[in-house]
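Single-letter residue listing:
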Amino acid sequence: MSLTNPSSGAASGPASASARNQTLKRSVQAAFEDPIDRGGNVGYQSKVRVVDKYKVIGFISSGTYGRVYKAVSRQGQPGEFAIKKFKPDKEGEQVQYSGISQSAVREMALCSELSHENVIRLIEIILEDKCIFMVFEYAEHDLLQIIHHHTQQPRHSIPPSTVKSIMFQLLNGCQYLHSNWVLHRDLKPANIMVTSSGQVKIGDLGLARLFYKPLHSLWSGDKVVVTIWYRAPELLLGSRHYTPAIDMWAVGCIFAELLSLRPIFKGEEAKMDKKTVPFQRNQMQKIVDIMGMPTKERWPYLSSMPEYNNLSMLQPPMLHPGHHHHHHHHSKSAASTSHLEKWYYSTIGAHSSTSSPSSNGSLAALGAEGYKLLSGLLEYDPERRLTAAQALQHPFFQATPSGGGIGVTTGCFEGLKVAYPQRRVSQDDNDIRTASLPGTKRSGLPDDSVVRPVKRIKEA
Amino acid sequence: MAANYWESTQRRFWQFSKDELAHMRDELEKSDQALVQMFPLPRRTHLNIYFNQQIGRLGKRLNIKQQAVATAQLYIKRFYCKVEIRRTNPYLVLTTALYLACKMEECPQHIRMFVTEARSLWPDLLHADVSRVGECEFFLISEMNSQLIVHQPYRTLTSLQSDFFLTQDEINLALSVINDHYMTDLPLLYAPHTIALTAILLSLIPRPNNSTNIAVVTAALTQAQQNRPGTGTGTGQNTPGASEKDKQQDTRMNKIQRFAVFLAESTVDIEGMIDCTQELISFYECHEQYNDKIMREQVNRFVKARGLDKH
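Everything numeric here is computed off the predicted structure, so don't read it as measured data.

The rules behind each value
Residues numbered from 1 in each chain as written. Chains lettered and ligands numbered in written order. Predicted model: local features only at pLDDT ≥ 70, side-chain atom pairs only at ≥ 80, totals over all residues. Heavy atoms only, no water. Helix = DSSP H or I, 4+ residues; strand = E, 2+ residues; numbered from the N terminus. Buried < 20%, exposed > 50% of the residue type's maximum accessible area, 1.4 Å probe, protein only. Contact = heavy atoms within 4.5 Å. Areas by Shrake-Rupley, 256 points an atom, 1.4 Å probe, with all protein chains shown as cover. Salt bridge = Lys/Arg side-chain N within 4 Å of Asp/Glu carboxyl O. Pairing = 2+ DSSP bridges. Axes fitted to C-alpha atoms, helices over the stretch in contact; angles between N-to-C directions. Parallel < 35°, antiparallel > 145°, perpendicular 65-115°, else oblique. Left-handed = near helix turned anticlockwise from the far one by under 90°. Expected span 1.5 Å × (residues − 1). Buried area = accessible area lost by both parts, 1.4 Å probe. Nonpolar A, V, L, I, M, F, W, Y, C, P; charged D, E, K, R; others polar.

Enquirer: Explanation requested: the overall build of chain A in the structure shown.
Expert: When its secondary structure is counted, chain A shows 14 helices and 11 strands. For chain A, with 460 residues in total, the buried portion stands at 56%. Contacts spanning at least 24 positions in sequence make up 70% of the contacts within chain A whose residues lie at least 6 apart. Total accessible area computed for chain A in this model is approximately 20100 Å², and 53% of it derives from carbon and sulfur atoms.

Given below as structure tokens:
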């Protein structure tokens with residue numbers, strides 16, 4: 001479908017393509033225009049109109065929440081903007097006010113309050129014609145797009161200085177959120193924006209919430225949080241009271257993905273069975289395959305996890321074919337052995353922790369400290385997992401030989417010779433009021449990245 | 001931000017001086033002069049008492065925690081700084097504020113529940129359609145500039161209660177003072193910790209609405225202010241009236257002293273606390289003249305006359 005592939009329009013010839021573009025441009029703009037008449041003198045009316053202030057220049061992506069558009073100001077504000085339009089509950093027919101979703105309320109409130117260089121900046125919120133428009137600063141890239149760019153032939157790894165800068169800025173943003181009692185709960189490459197100057201911005205706070213003295217357990221509010229591949233083991237094991245450590249696990253997964261260019265724990269999500277939350281066996285297995293089986297020694301509260309008993313359903317890692325099904329006592333230590341170190345060194349292309357860091361261009365330059373940071377973030381026990389503040393102090397970020405001799409640059413593109421391609425925006429947005437798109441779609445990415453799982457939130 | 005009151009939108013955008021507040025309200029009334037004259041309303045404090053009672057009833061029916069009710073009360077206050085009350089249906093605003101506050105305080109309930117319960121409380125004053133609450137929610141959020149995160153004095157009380165060895169009775173009294181302050185302008189005038197500290201101080205003296213006891217409070221505050229380094233020569237050890245025989249009275253005085261020492265060493269806005277105390281006292285006095293029936297009639301009159309219940 002042309003929605004994710006703007007180039008298909010070009011096949012019909014330049015002239016018709018441009019004509020078609022014109023119509024589509026209008027339809028993008030139409031998405032912001034008045035769906036209903038403004039009759040009646042009572043009721044709520046916005047003081048500002050989105051179309052008066054911003055000119056929409058393209059469609060960026062859509063998700064369950066609604067759609068994101070790229071826009072510029074009509075009133076001389078410099079720069080570009082990303083406008084997130086929350087879709088009303090019912091699309092198509094006459095739209096009714098039905099109460100704003102809790103997730104939109106949270107995102108509006110949090111974004112209005114937060115202010116940090118590594119968190120996406122909100123410009124304003126316009127409530128107009130039963131729709132919510134959140135206007136953000138525009139970021140040219142995101143980590144998903146950057147990772148994807150590196151998988152293109154010839155596949156080439158992300159430069160170590162870029163990885164390091166991204167990680168530092170990401171942790172810096174997390175530290176800010178956590179010290180302000182905000183849990184993000186949906187960190188993943190697609191939600192980490194990068195500006196053209198290389199500033200990392202944590203985005204999409206649609207699942208974020210405050211965790212200061214909650215009136216109810218966090219679990220009772222949202223049964224499922226974090227996109228499956230980035231979901232921490234304590235969440236997979238059903239923990240009711242989780243902490244900022246869940247974000248740190250996701251940061252660890254993102255770090256690994258920046259190195260290997262593919263999700264480190266790429267499990268398959270078990271579907272919600274009516275109203276019960278299933279045990280995510282396949283995802284947990286993927287973690288165990290690399291991290292080994294969790295043990296009470298590594299994670300003292302393990303046995304009090306609600307889904308603890310389900311761990312026995314899992315296969316120990318690296319099980320040889322024909323191996324005995326019930327592993328014996330003596331093999332238990334083998335089952336719990338972590339293979340992360342092996343994974344790390346084979347990924348960065350160094351053969352062991354002793355090999356000396358080679359040239360700065362190779363990931364091997366990230367050295368032993370890179371492994372230590374990764375394993376600190378992918379620690380099973382949430383209490384022992386690195387906090388954002390601790391991770392920022394990690395020797396990995398010091399320009400010492402053990403840290404690969406690479407200091408942290410303020411922009412993650414510093415010193416790079418090539419620029420990343422710009423975000424592709426599409427003019428191909430058919431009437432927003434009739435379109436109903438399942439899941440997450442993005443403009444300008446091939447299908448393979450479209451099938452990435454979407455975060456799911458089940459509100460109580 | 002959320003953890004830091006000083007950088008919060010509450011401090012930056014929703015804390016006013018008394019003059020600013022009076023000016024804003026004047027401007028609102030001026031812009032709707034005819035309406036204001038046609039529908040006289042009792043003094044604001046009595047309106048606040050009425051709203052407090054009504055939102056309390058709705059909160060009780062839906063089993064909503066006080067923290068969310070308090071947040072809703074602050075939303076209502078902010079909203080009516082920006083919008084003339086006679087232009088709105090207060091019952092709709094109340095219901096919507098509580099609906100929104102529950103989402104913000106992470107104890108959401110379905111919009112339908114709010115409408116059903118509100119309609120059973122105020123049967124002929126509210127439209128049955130949930131979309132009215134949905135629409136009013138847009139209005140509220142828009143007037144509040146989406147600044148929905150609220151800092152409340154409860155947090156300070158919880159974190160300081162052990163420092164001052166407060167008994168359960170004292171904590172309860174302080175809590176009720178905090179609950180009551182939502183019927184005054186104080187949440188728009190002072191930082192939540194200033195209010196919490198005032199509530200703690202008031203909880204330490206018996207019958208805080210007794211004027212001689214107020215003298216004790218004011219004396220303690222003034223002394224604490226003088227004992228600050230660089231202000232006056234006080235030693236901080238002086239006891240106002242140390243001759244109590246009653247042992248209970250004695251511990252109480254000790255608590256007040258400890259509190260005064262804490263204040264003297266802190267940078268808390270003591271002048272603000274004195275003003276908070278006085279505001280609360282005049283609130284309690286004003287409360288005695290409250291007449292629920294008149295109040296209800298006056299509110300319902302403009303709601304009905306203007307047909308605000310119909311949409």
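Once you've had a look at it, read on.
Enquirer: How should I be thinking about the pattern of salt bridges in this particular structure?
Expert: A side chain with one charge can pair with a side chain of the opposite charge if their charged atoms come near. Residues and elements named next belong to chain A. Summed over all chains, the structure comprises 28 salt bridges over all chains. Arg 49 serves as the salt-bridge partner of Glu 128, at 3.1 Å between the closest nitrogen and oxygen. Taken together, the residues span a long stretch of sequence, with Glu 128 in strand β4 (residues 122-128) and Arg 49 in the loop between α1 (14-30) and α2 (50-53) at a distance of 79 residues. On the basis of relative accessibility, which here comes to 1%, the residue Glu 128 falls in the buried class.

Enquirer: What should I look at first to understand the pairing of strand β2 (residues 66-73) of chain A in this one?
Expert: In regular strands, side chains alternate between the two faces of the sheet. Residue and element names in this part refer to chain A. Burial analysis of β2 places 7 of its 8 residues in the buried class, which makes it a mostly covered element. Of the pairings in the sheet, the one linking strand β1 (residues 54-62) to β2 comprises 7 bridges and is antiparallel in character. Residue Val 56 lies in a different strand from β2, and its bridge partner there is Ala 71. Connecting β1 to the antiparallel partner β2 that follows it, the hairpin turn spans 3 residues. Pairing of β2 with strand β3 (residues 80-86) involves 7 bridges; the strand directions are antiparallel. Directly across from Lys 70, in β3, lies its bridge partner Ala 82. The antiparallel hairpin formed by β2 and β3 contains 6 residues in its connecting segment, where Gly 76 sits at a positive phi of about 85°.

Enquirer: When you look at the packing of helix α9 (residues 153-160) of chain B against helix α12 (residues 192-203) of chain B in this model, what are you seeing that I'm missing?
Expert: For any two helices packed against each other, the geometry comes down to the angle between their axes and how far apart the axes lie. All names here are of chain B. Between α9 and α12, the least distance of the axes is 7 Å, while the angle of their chain directions is 55°. By the angle class used here, α9 and α12 are oblique. Every pair of crossing elements has a handedness; the one defined by α9 and α12 is right-handed. Across the interface between the two elements, Pro 153, Thr 156, Leu 157 and Leu 160 from α9 touch Pro 192, His 193, Ile 195, Ala 196, Leu 197 and Ile 200 from α12.

Enquirer: Please clarify how the side chain of B:Gln54 should be interpreted in this entry.
Expert: By the element assignment, B:Gln54 lies in helix α4 (residues 44-61). Setting aside residues up to four positions removed in sequence, B:Gln54 forms contacts with B:Leu94, B:Trp122 and B:Arg296.

Enquirer: Looking at this structure, how should I read helix α10 (residues 168-181) of chain B?
Expert: Two residues of an α-helix separated by three or four positions point the same way, owing to the 3.6 residues in each turn. With 14 residues, α10(B) extends 20 Å between its outermost C-alpha atoms, agreeing within 8% with the 20 Å of an ideal straight helix rising 1.5 Å per residue. Residues B:Glu170, B:Ile171, B:Ala174, B:Val177, B:Ile178, B:Asp180 and B:His181 constitute the buried set of α10(B).

Enquirer: Help me understand the interface of chain A and chain B, please; the structure alone is not making it clear to me.
Expert: For interface size, the figure often reported is the accessible area lost on association. With 35 residues of chain A in contact, the opposing surface of chain B contributes 36 residues. Between chain A and chain B, a total of about 3100 Å² is buried, with carbon and sulfur atoms accounting for 66% of that surface. The interface formed by chain A and chain B contains 3 salt bridges. Residue B:Glu106 is joined to A:Arg209 by a salt bridge in which the shortest nitrogen-to-oxygen separation is 3.5 Å. For the side of chain A that touches chain B, the secondary-structure elements that each account for two or more residues are α3 (102-113), β4, β5 (131-137), α5 (160-179) and β10 (209-210) of chain A. It is α3(A) that provides the largest number of residues to the side of chain A that touches chain B, a total of 8 residues. For the side of chain A that touches chain B, the per-class residue count stands at 19 nonpolar, 9 polar and 7 charged.

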